[in-house]
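Descriptive structure summary
These are the residues of each chain, in order.
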Amino acid sequence: MRIGVLGGGPAGLYFALLAKRADPAHEITVVERNAPDATFGWGVVFSEETLGALRDADHPSYTEISDTFARWSAIDVVYGGRTVRSGGHVFSAIARRRLLEILQRRCRDVGVELAFQREAPDLEPFADRDLVVAADGVNSTARRLLAAQLRPTLDSHRSRFIWFGTDLPLDAFTFVFRTAEHGMFQVHAYPFDADTSTFIVECTEGTWRAAGLDQAGEAESIAFCQDLFAPELDGHKLLSNRSLWISFVTVRCRSWHHGNVVLLGDAAHTAHFTIGSGTKLAMEDAVALAQALQRHPAALEAAFTDYELERQPVVERFQEAARDSATWFENVRRYDGFDPVQFACNLLTRSGRIGHLELTRRDPGFAAAVDRFFAGRPETLVAPPPLFAPLGQRALTLANRVALAAGAEDDATDGHLAGAAAERLAAAAAAGAGVVVSELVAVAPDGRVTPGTPGLWADDHAGPWAEAARQVAAHGSALALRLGHAGRRGATRPRRTGVDRPLPGGGWPLLAASAIAYTPASPVPKAMDAGDLERVAGQFAAAARRAADAGVQVLVCDLAHGYLLGGFLSPLANRRDDELGGSPEGRLRFPLRVVDAVRAAWPDDRPLWAALTVTDWAAGGLEPEEAVAAARALAAHGCDLIQVTAGQTTAVTRPDYGRFHLVGWSDLVRNDAGVPTMAGGGLTTADEVNTVLAAGRADLCLLDPRTYSRA
Amino acid sequence: MEVGVGLPTTTPGADGTGILEWARRADQGPFASLGVLDRMVYRSVEPFAALSAAAAVTTRARLVTMVVIGPLRNTALLAKQAASLDLLSAGRLTLGLAIGARTDDYRALGVDPDGRGRRLGEQLAELRELWEKGEVGPEPVQPGGPPLLAGGLSGEAFARMARCADGYVHGGGPPRAFAAAAARAWAAWRDLERPGRPELWGQGYFALGDADAGAAYLRDYYAFTGPFASKVAAGNLSSGRAVKDFVRGYEDAGCDHLVLLPTVSDPAQLDRLADVLG
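All figures in this text were calculated on a predicted structure; none of them were measured in a lab.

Brief notes about the overall build of chain A
A count of helices and strands for chain A gives 23 helices and 30 strands. Whereas a compact globule of 711 residues would reach a radius of gyration of roughly 27 Å, chain A reaches 30 Å, a difference of no more than 12%. Its C-alpha atoms give chain A principal-axis dimensions of about 90 × 55 × 55 Å. Burial status across chain A gives 54% buried among its 711 residues. Summarising the internal contacts of chain A: among those between residues at least 6 apart in sequence, 70% fall at separations of at least 24.

Some words on the overall build of chain B
Check the secondary structure of chain B and you find eleven helices and eight strands. Its C-alpha atoms give chain B a radius of gyration of 17 Å, within 12% of the compact-globule value 19 Å for 278 residues. Across its three principal axes, chain B shows a C-alpha extent of roughly 50 × 40 × 35 Å. Split into buried and exposed, the 278 residues of chain B put 55% on the buried side. Of all intrachain contacts in chain B linking residues separated by at least 6 positions in sequence, the fraction that spans at least 24 positions is 77%.

Examining the pairing of strand E13 (residues 183-193) of chain A
All names here are of chain A. Across seven bridges, the pairing between strand E12 (residues 173-180) and E13 is antiparallel. Across the sheet, the residue bridging to Ala180 is Gly183, located in E13. The turn joining E12 and E13, which pair antiparallel and follow one another in sequence, is formed by two residues. As defined by bridge partners, E13 adjoins strand E14 (residues 196-203) across eight bridges and the pair is classed as antiparallel. Residue pairing across strands places Ala189 opposite Phe199, the latter belonging to E14. Where E13 hands over to E14, the hairpin turn is made up of two residues, counted between the paired strands.

Looking at the sheet that holds strand E27 (residues 608-615) of chain A
Residues and elements named next belong to chain A. Spatially, E21-E22-E23-E26-E27-E28-E29-E30 is the arrangement adopted by the eight strands of the closed barrel, whose pairing is parallel. Going from strand to strand, the sheet's axes swing by 30 degrees on average, the running direction of each strand aside. Each of strand E22 (435-442) and strand E23 (478-484) is contacted by helix H16 (residues 462-474), which is oriented at about 145 degrees to E23, the strand it contacts most.

A few points about helix H7 (residues 175-191) of chain B
Residue and element names in this part refer to chain B. Between its first and last C-alpha, H7 extends 24 Å over 17 residues, near the 24 Å set by a 1.5 Å rise per residue. Within H7, 13 of the 17 residues are buried, which leaves it mostly tucked inside the rest of the structure. In the segment just after H7, Glu193 is the residue with positive phi, at about 55 degrees.

Some points on the interface of chain B and chain A
The interface of chain B with chain A comprises 29 residues on the first partner and 31 residues on the second. Secondary-structure elements contributing two or more residues to the side of chain B that touches chain A are helix H5 (116-133), helix H6 (155-164), H7 and helix H9 (228-234) of chain B. With seven residues, the single largest contributor to the side of chain B that touches chain A is H7 of chain B. For the side of chain B that touches chain A, the per-class residue count stands at twelve nonpolar, six polar and eleven charged.

Quick look at the domain arrangement of chain A
Quite often, the size of an interface is put as the accessible area lost when its parts meet. Looking at the assigned domains, one finds that chain A contains domain 1 (1-68 + 93-155 + 248-331), domain 2 (158-247) and domain 3 (399-405 + 429-454 + 477-544 + 552-709). Computed from C-alpha atoms alone, the centre-to-centre distance between domain 1 of chain A and domain 3 of chain A is 50 Å.

What about the packing of helix H1 (residues 10-22) of chain A against helix H4 (residues 96-110) of chain A?
Residue and element names in this part refer to chain A. At their nearest, the axes of H1 and H4 sit 9 Å apart, and the two run at 25 degrees to each other. The angle between the axes of H1 and H4 places the two elements in the roughly parallel class. Taken as a pair, H1 and H4 cross one another with a handedness that is left-handed. Two secondary-structure elements touch here, H1 through Pro10, Leu13, Tyr14, Ala16, Leu17, Lys20 and Arg21 and H4 through Leu99, Leu100, Leu103, Gln104, Arg106, Cys107 and Val110. Along the lines of polarity and charge, the residues of the contact of H1 with H4 split into ten nonpolar, one polar and three charged.

Let's talk about helix H2 (residues 47-57) of chain B
Residues and elements named next belong to chain B. Along H2, the residues that are buried comprise Pro47, Phe48, Ala50, Leu51, Ala54 and Ala55. Considered in projection along H2, the buried side chains sweep an arc of 160 degrees and stay on one side of the axis. The inward-facing, buried residues of H2 contact helix H1 (16-28), strand E2 (33-36), strand E3 (62-69) and helix H3 (75-88).

As for the nonpolar core
Ranked by size, the top nonpolar core spans 228 residues in total, and within it Phe15, Leu264, Val436, Leu555, Leu612 and Cys701 of chain A carry the most contacts. Per element, the largest residue contribution to this core is ten residues, and it comes from helix H10 (residues 278-295) of chain A. One finds Val67, Phe206, Tyr221 and Val243 of chain B within the second-largest nonpolar core, a separate group that totals 91 residues.

Description of the sheet that holds strand E4 (residues 93-98) of chain B
All names here are of chain B. Ordered by their spatial adjacency, eight strands build a closed barrel running E1-E2-E3-E4-E5-E6-E7-E8, and the pairing between neighbours is parallel. Averaged over all pairs of adjacent strands, the angle between their axes in this sheet comes to 25 degrees, without regard to strand direction. Where strand E7 (residues 199-206) lies against strand E8 (residues 257-262), six bridges are found, and the strand directions are parallel. Looking across to E8, one finds that Gly202 is bridged to Leu258. The sheet strands contacting H2 are E2 and E3, and the helix crosses E3 at an angle near 175 degrees.

Remarks on unusual backbone geometry
For the bond running from Met66 of chain B to Val67 of chain B, omega is 10 degrees, close enough to zero to count as cis. Secondary-structure assignment places Val67 of chain B in strand E3. Put simply, Gly137 of chain B and Pro138 of chain B share a cis peptide bond, and its omega is -5 degrees. Mapped onto the elements, Pro138 of chain B comes out in the loop between H5 and strand E5 (148-150). One non-glycine residue with positive phi stands out, namely Arg394 of chain A, at about 50 degrees. In this structure, Arg394 of chain A sits in the loop between strand E19 (391-393) and strand E20 (396-398). Of note in the backbone geometry, Trp617 of chain A takes a positive phi value of approximately 55 degrees without being a glycine. Taking the C-beta count within 10 Å as the criterion, Trp617 of chain A has 23 such neighbours and is therefore assigned buried.

Details of the packing of helix H17 (residues 530-549) of chain A against helix H19 (residues 584-601) of chain A
A pair of packed helices is captured by two measures, namely the crossing angle of their axes and the spacing between those axes. All names here are of chain A. One way to put it is that H17 packs onto H19 with a least axis distance of 8 Å and a crossing angle of 30 degrees. Considering the relative orientation of H17 and H19, their crossing is right-handed. Here Leu533, Ala537, Phe540, Ala541, Ala544, Arg545 and Ala548 of H17 come into contact with H19, specifically with Phe590, Arg593, Val594, Ala597, Val598, Ala600 and Ala601. Among the residues forming the contact of H17 with H19, the class breakdown is twelve nonpolar, no polar and two charged.

Examining the confidence of the model for chain B
Caution applies to low-pLDDT regions: their predicted coordinates should not be interpreted in detail. With 100% of its residues at a pLDDT of 70 or more, chain B has an overall mean of 96. The ipTM for the predicted assembly is 0.94, set against a pTM of 0.94.

So, the environment of Arg272 of chain B
Residue and element names in this part refer to chain B. Tracing the chain through its elements places Arg272 in helix H11 (residues 268-277). When the C-alpha atoms of Arg272 and Leu208 are compared, they prove to be 6.7 Å apart, with 64 residues separating the residues in sequence. Among all residues touching Arg272, those that are not within four sequence positions of it are Leu208 and Gly209.

Overview of the pairing of strand E11 (residues 160-166) of chain A
Residue and element names in this part refer to chain A. Among the seven residues that make up E11, seven are buried, leaving the element largely enclosed by the rest of the structure. Across the two faces of E11 the burial is the same, with Arg160, Ile162, Phe164 and Thr166 and Phe161, Trp163 and Gly165 all buried. The sheet contact formed by E11 and E14 spans seven bridges and is antiparallel. Bridge assignment links Phe164 to a residue of E14, and that residue is Phe199. Both E11 and strand E15 (residues 238-239) contribute to a ladder of two bridges, which runs antiparallel. Looking at E15, one finds that Thr166 is bridged to Leu238.

Digging into the environment of Arg82 of chain A
All names here are of chain A. Counting through the fold element by element, Arg82 comes out in strand E6 (residues 82-86). Taking the number of C-beta atoms within 10 Å as the measure of exposure, Arg82 has 12 and is therefore exposed. As a C-alpha pair, Arg82 and Pro340 span 258 residues in sequence and 6.8 Å in three-dimensional space.

Some thoughts on the environment of Ala367 of chain A
All names here are of chain A. By the element assignment, Ala367 lies in helix H14 (residues 364-375). Judged by the 24 C-beta atoms lying within 10 Å of it, Ala367 falls in the buried class. Once the C-alpha coordinates of Ala367 and Val552 are considered, the two residues, 185 residues apart in sequence, prove to be 36 Å apart. The contacts of Ala367, once residues within four sequence positions are left out, are His356, Leu359 and Thr360.

Thresholds, definitions, all that
Residues numbered from 1 in each chain as written. Chains lettered and ligands numbered in written order. Predicted model: local features only at pLDDT ≥ 70, side-chain atom pairs only at ≥ 80, totals over all residues. Helix = DSSP H or I, 4+ residues; strand = E, 2+ residues; numbered from the N terminus. Rg over C-alpha atoms; globule rule 2.2 N^0.38 Å. Buried ≥ 20, exposed ≤ 12 C-beta atoms within 10 Å, placed from the backbone. Contact = placed C-beta atoms within 7 Å. Pairing = 2+ DSSP bridges. Axes fitted to C-alpha atoms, helices over the stretch in contact; angles between N-to-C directions. Expected span 1.5 Å × (residues − 1). Nonpolar A, V, L, I, M, F, W, Y, C, P; charged D, E, K, R; others polar. Domains from an automatic or database assignment. Parallel < 35°, antiparallel > 145°, perpendicular 65-115°, else oblique. Left-handed = near helix turned anticlockwise from the far one by under 90°. Arc of directions from axis to C-beta. Core = buried A, V, L, I, M, F, W, Y, C linked by C-beta atoms within 7 Å. pLDDT = per-residue confidence, 0-100.

Below, the structure is given as structure tokens:
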């Protein structure tokens, strides 16, 4: 086969080497625009997994590469005047220039033709080639020419970064966080040989502009960064290689091949540098493509399909992790004031690839420090994992950080809690939950979701709740009673066959912030007038008093799920033109009035929580800043914890049910508003709970028990 | 996990006799269900016609659409067809609905593809309503109508499923892809506070000992997806080992019902598959 390789970076060279080795009859030319010794960037990082692949693919180059490696196993996090070290991570890095030298020499040894300083503005020079491998990097010419077929998308990140070297030898991957006059700057630095390290400086676009770096030339940027990180550089210099401030571009392509052209490495995909995987992914691509061509020597299409089937899922996972990682660095200001140990834990678990269990495996000492910090017991040698740390709330102490929800079966009669429902609450307590969260308990008959929703609008409703609270407490748990009013989502049929199915004949009249039906089939609710507002606030307070008298340990006020109070919060459901609508403050006014009434009726020594919608998952809905402001206001009005929820403000939404989809929102509310939170959203294992808690993303986790109950 | 098999209603070479022979033999074999696909602009047999015929020659297997493209059809007529099939099969229908992947199917029927997701959401709610009201008969044998499954991979699709359906039907792929979709289905179900749990249905393609013919059909069936067709074809399960790994992978991923869809029409495939499944 006659093979043309566009681009003489690591991916192109490595592919050429492997393909030639596999079949010396292949005629292979690598075309590179730069000189053999020109290179950008400093060092590149590999994982153990990649090294294994390189070892199996070409032993001579593996030996040379690994001989010159810098290897280390620690990550240092320099933050808040302290350096926190965690170990067991295992990295290797090599100078990019050295890597290219090795690969160029190996290519020549096996008979690959290398043509440097040759531009290829189009694919014309490859017209006589059976196979064209485009390894021409993030600005790939081939990808641009075949855009219609490959369907690339390019997303530019908001942060700015600059890529330096330094003659400072490091012995760990080092993150430095430094708050300067104009904002936070962070460093990603790692050694790549005995006396040189890569030193990347990053900041948000706003900080970059405020510091005047958008106007700075190369020398000024070096001077600025050297000055800012003088303590870490310790007299060493930053080295520039035409270093400029740039934005990272994430490349994705629907297809990586068309006709006889196939993309490799950065040409096909990029993953934000904060997870340091670009060269690793590119070289793994080269291995996969060379092997696929060996399996299908006479069928390019089949080989390309194999290659994509193998590599695309891997790349997508890294891109997802890279996106989470990049977002973390964009929001790092949020963690100002974190203890350095918890900060480091939050940083290490940012992309979801490493959890508490993996940290414990890598460095038991570090994990113990995290657990000790979390448990607030610095004097102990071994502290319980975060899940088993008690949580104090007013006079109540929850035994652990796991909440279980007792599912709604719509089995109440006239608001009287069913015996089976009480048993579900007790069973969740017996299962070991620190707190058991009830289904919605209506403050009024017209506040029920279905005719089977339990209530607390009458004194004779209280008996079963008192008994349930006693039973739950007997298991060492606490009952959190979720008090609410279904609003325009009321009067629906039992939810076995679907939600928001109106009762035949219309049920009871509905109330809401505004007269907007929830679904096209739902009845139009009445927009609440002054009398309604007064009455409903009173109903909440009266129900809270009954719950208190019944000995319920925690009260949750439901400002979520598109129910009555949640409806007031959102511009999608609240179109009022009085003082209870309009601005975010206006929309929050009535829910706060209800919270005040409830707080006044609820004992001072018992915790009051709020279930709060933080995003409507719909265009024109709540903004994240509004949710943070609402959480802050609720805390000021006596709420001790926010249960973070999303969606359902309207019937049609664009939800994100991705992995741990509420954890990011919980992190936002907890750390921007400074309010304790409970997060749920697909948390199914103890390790996930430990990770979320240890990193300071929530204080309590609502566990979906399906993983454990299936066994 | 139960394992069912597809009817050869989209594969080349199946005639009426062949499809009925297939249904009869599958019903006697170890298969829990018979599944059909839906495409308008293709040489495929209409799903309700195919399952009605299958109902007449089978007594045991569940009959499942994986899926019927809901928004292509008038909802009242769809309700009647499904209720009729439920009656003819003595309550064996499971109705899977989704929006489909092709706009030419919509154009062929003069239906606007815009807003098809929202229409499917409404349709799911209306179907129940129609079955329960009973004005458009017949009364389904299964109380409240046949179980409804909904498919799709967007957040909206999962919300739609949890809002109105009884379960989720996945569109195929490796077990890892199913597991990711199943996690979202669960998350949506919990989010909307539905009692019980979602039924989770998966599917895969097979042609035991006839890989090339099966792959050729898949490349043709998925030609509209461009290069993706080759990937689907590469996933065709063509060895006993591949089928076993796939079945085990789906079981581990929490699948309740897996339907293996044929990519060739030869009824001998049923015996080979039955042997593999043991």
